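Listed below are the residues making up each chain.
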Amino acid sequence: MYKVAVIGGYDSIYGFAALGLDTYPVENSAEGVKIFRQLADGGYGVIYITEALAGELSAELEKYKEQYLPAVIQIPGVSGNTGAGIAGVKKSVEQAIGSDIIFGEQ
Amino acid sequence: MAKTQVNPTRMELTRLKRKLVTATRGHKLLKDKRDELMRQFLDMVRDNMALRLRVEEGIKAANTNFVIAKASMSEETLHTALMAPKQEVYLEASTKNVMSVDIPEFDYRTRTADTNDIYSYGFAFTSGDLDDAVKSLADILPKMLELAQKEKACQLLSSEIEKTRRRVNALEHVIIPETQENIKYITMKLDENERSSQIRLLKVKDMMLEKAHHYQEKEVSW
């Protein structure tokens, strides 16, 4: 049995609390790293992270990419979409094929 | 000439031949694995992208709704309203095996079956916009979980493809040619040894015959 966590700036994630996801608002990247590590080892199946915060924790995120769980998924925050989530998908295509031949022109 | 130092012995030759057979077989299998992984990955990554675009749009819309909701009520009221959620989401993760890559499959359950439990507040002090905002976020949640599953699968598959591709390339361009080269070197060396011992024997035979019959002396006396 796993739970679902959402981590990011308070304004971006407070709504998820109503749905029953665990929200962890963070204010800076140092705090973000600390909480993210706790969550990643804390029995969460899916961790949604705002793109803004993910940008600062990219080294941490990379570690969990090849692990079975948790799935760390980037979501856009309230301040808008940085395109990091889509870039992540493109990156995995690049890793698998060698160059992005599917979404390259988009 | 072989790149690595090998002992030109029959034992080594047998070992190398066996190695070559294994390597060739492994190469074929890994190549098939890579192709199949690639096929599955391409299907999955297209779904992943479509899903992601949809989820991002949904979250964006929900965020807009939340901003509107926030505008029409005080921050304290909003905080209090969302402070104690009634609903909880649990995930059940089962494992699906795709070409020996374990990928998780999520099945989600909510603590209560009532869909209205997402509204964890009394309606007296909050604006109707908040209800809309929460509803729009709740609508996108199943898609978000599906996205999590797909995206994780894509990440796991892509790293497995990368590993497999490296192995295929290493076998194809390094291990197999090197072994073939070594086998060729040993075969040639052994042949060469055989020829040289043949010649040595012929020479010895000549010498022994010479000693027994003194051909050369007879030739001179004629």
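The structure contained in this document is the topic of the report that follows. (Residues numbered from 1 in each chain as written. Chains lettered and ligands numbered in written order. Predicted model: local features only at pLDDT ≥ 70, side-chain atom pairs only at ≥ 80, totals over all residues.)

The next thing to look at is the overall build of chain B. Of the regular secondary structure elements, chain B holds 4 helices and 2 strands. Along chain B, helices (α) and strands (β) appear in the sequence α-α-β-β-α-α when read from the amino end. Taken over C-alpha atoms, the radius of gyration comes to 38 Å for chain B, far larger than the 17 Å a tight globule of 222 residues would show. Principal-axis analysis of the C-alpha atoms gives chain B an extent of 140 × 30 × 30 Å. When each of the 222 residues of chain B is scored for burial, the buried share is 28%. (Helix = DSSP H or I, 4+ residues; strand = E, 2+ residues; numbered from the N terminus. Rg over C-alpha atoms; globule rule 2.2 N^0.38 Å. Buried ≥ 20, exposed ≤ 12 C-beta atoms within 10 Å, placed from the backbone.)

Turning to the interface of chain B and chain A, a few remarks are in order. On the chain A side, the residues contacting the 48 residues of chain B number 33 residues. Of all the secondary-structure elements, those providing two or more residues to the side of chain B that touches chain A are helix 1 (10–71), strand 1 (89–98), strand 2 (101–110) and helix 3 (128–213) of chain B. With 18 residues, the top contributor of residues to the side of chain B that touches chain A is helix 3 of chain B. One ladder, built from 2 bridges, connects strand 1 (residues 2–8) of chain A with strand 1 of chain B; its direction is antiparallel. Residue pairing in the sheet places Lys3 of chain A in a bridge with Tyr90 of chain B of strand 1 of chain B. (Contact = placed C-beta atoms within 7 Å. Pairing = 2+ DSSP bridges.)

It helps to recall that an α-helix has 3.6 residues per turn; residues three or four apart then point in one direction. Residue and element names in this part refer to chain B. With 86 residues, helix 3 should reach 128 Å at 1.5 Å per residue; the first-to-last C-alpha distance of 125 Å fits that figure. Leu171 marks where helix 3 bends most, by close to 40°. Where helix 3 terminates, the next one or two residues include His214, which has phi positive at roughly 50°. (Expected span 1.5 Å × (residues − 1). Bend = angle between axes of the 7 residues up to and from the residue.)

With that out of the way, let us pick up the packing of helix 1 (residues 10–19) of chain A against helix 3 of chain B. Contact pair helix 1 of chain A / helix 3 of chain B: the axes reach a minimum separation of 9 Å and the direction vectors enclose 75°. Here helix 1 of chain A lies roughly perpendicular to helix 3 of chain B, going by the angle between them. Contacts from Gly15, Phe16, Ala18 and Leu19 of chain A of helix 1 of chain A reach helix 3 of chain B at Ala133, Val134, Leu137, Ala138 and Leu141 of chain B. The class makeup of the residues in the contact of helix 1 of chain A with helix 3 of chain B is 8 nonpolar, 1 polar and no charged. (Axes fitted to C-alpha atoms, helices over the stretch in contact; angles between N-to-C directions. Parallel < 35°, antiparallel > 145°, perpendicular 65-115°, else oblique. Nonpolar A, V, L, I, M, F, W, Y, C, P; charged D, E, K, R; others polar.)

Let's shift gears to the pairing of strand 2 of chain B. All names here are of chain B. Here strand 1 pairs with strand 2 via 10 bridges, running antiparallel. From the neighbouring strand, Lys96 faces strand 2, where its bridge partner is Ile103. Hairpin connection, strand 1 to strand 2: the antiparallel pair is bridged by 2 residues, and Met99 has positive phi, about 50°.

Another point: the nonpolar core. Within the largest apolar cluster, 51 residues are counted, with the highest numbers of intra-cluster contacts made by Ile7, Leu19, Val46 and Ile47 of chain A together with Leu137 of chain B. Ranked by residues supplied to this core, first place goes to helix 3 of chain B with 11 residues. Formed by 15 residues, the second largest nonpolar core is a distinct cluster that contains Ala96 of chain A together with Val45, Val101 and Ile103 of chain B. (Core = buried A, V, L, I, M, F, W, Y, C linked by C-beta atoms within 7 Å.)

This part covers unusual backbone geometry. Note the cis peptide between Leu69 of chain A and Pro70 of chain A, where omega equals 0°. On the secondary structure map, Pro70 of chain A appears in the loop between helix 4 (58–65) and strand 4 (71–75). Unusually for a residue other than glycine, Met99 of chain B sits at a positive phi of about 50°. Within the secondary structure layout, Met99 of chain B lies in the loop between strand 1 and strand 2. Positive phi values are uncommon outside glycine, yet Ser100 of chain B reaches one of about 60°.

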